[in-house]
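One-letter residues, chain by chain:
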Amino acid sequence: KARALRLLAEVLVTISNETGNNSLCEEAQRLAKQAAVAFKELGRGPAELSSALLLSATASMRTGNLLVAYWDAKQAMVEAGESVPRCYNEAAAIASQVKTMAEESGKPINVGAPVPVYMGDKPVTFV
């Protein structure tokens, strides 16, 4: 069920990309969050959980819900850690982009504990 939820969310984000209809992202975000909860409850590995959180962050960013996008991106970074570098790097990029968007809008955001962003084996900044 968790994989089906994530897949459906991915399809909605893809359709949104192709049509420019960002309202589909609201449903995609909801489904991705449900998938993340299900993956966590099932004790699935960091790849599945972080990919669902990453999808939720992407969908939230598209709908302009920057606080949720930032939070989910940070959570994806934590869950992915060193074991899923692709998800970690994508989540770090989304967190950085969302932070910039929020600052440019005059509404900077900062939620949760700082999460280090690594280059190689050394932290270079925190989000």
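Up top is the structure.
Residues numbered from 1 in each chain as written. Predicted model: local features only at pLDDT ≥ 70, side-chain atom pairs only at ≥ 80, totals over all residues. Heavy atoms only, no water.

This part takes up the pattern of salt bridges. Applying the stated criterion across every chain yields a total of seven salt bridges. Measuring nitrogen to oxygen at the nearest pair gives 3.7 Å for the salt bridge that ties arginine 6 to glutamate 10. One end of the pair, arginine 6, and the other, glutamate 10, are both in helix 1 (residues 2-19), four residues apart, so they sit about a helical turn from each other. Judged by relative accessible area, glutamate 10 falls into the partly exposed class, the value being 35%. Lysine 40 is paired through a salt bridge with glutamate 79; the nearest N and O atoms lie 3.4 Å apart. (Salt bridge = Lys/Arg side-chain N within 4 Å of Asp/Glu carboxyl O. Helix = DSSP H or I, 4+ residues; strand = E, 2+ residues; numbered from the N terminus. Buried < 20%, exposed > 50% of the residue type's maximum accessible area, 1.4 Å probe, protein only.)

Okay, the packing of helix 1 against helix 2 (residues 23-42) next. Packed helix pairs are characterised by how far apart their axes lie and by the angle those axes make with each other. Helix 2 packs onto helix 1 with a crossing angle of 155° between their chain directions and a minimal axis gap of 8 Å. Judged by the angle between their axes, helix 1 and helix 2 are roughly antiparallel. Crossing of helix 1 over helix 2 shows left-handed handedness. Facing helix 1, whose interface residues are Ala2, Arg3, Leu5, Arg6, Leu8, Ala9, Leu12, Val13, Ile15 and Ser16, helix 2 presents Leu24, Cys25, Glu27, Ala28, Leu31, Ala32, Gln34, Ala35, Ala38, Phe39 and Leu42. (Axes fitted to C-alpha atoms, helices over the stretch in contact; angles between N-to-C directions. Parallel < 35°, antiparallel > 145°, perpendicular 65-115°, else oblique. Left-handed = near helix turned anticlockwise from the far one by under 90°. Contact = heavy atoms within 4.5 Å.)

Turning to a nonpolar patch on the surface, a few remarks are in order. Together, Leu7, Leu8, Val11 and Ile15 make up a nonpolar patch on the protein surface, roughly 320 Å² of accessible area in all. Position of leucine 8 among the secondary structure elements: in helix 1. Leucine 8 sits in the partly exposed class, given a relative accessible area of 42%. (Patch = residues over 30% accessible without salt bridge, like charges linked within 9 Å, V, L, I, M, F, W, Y side chains within 5 Å. Areas by Shrake-Rupley, 256 points an atom, 1.4 Å probe, with all protein chains shown as cover.)

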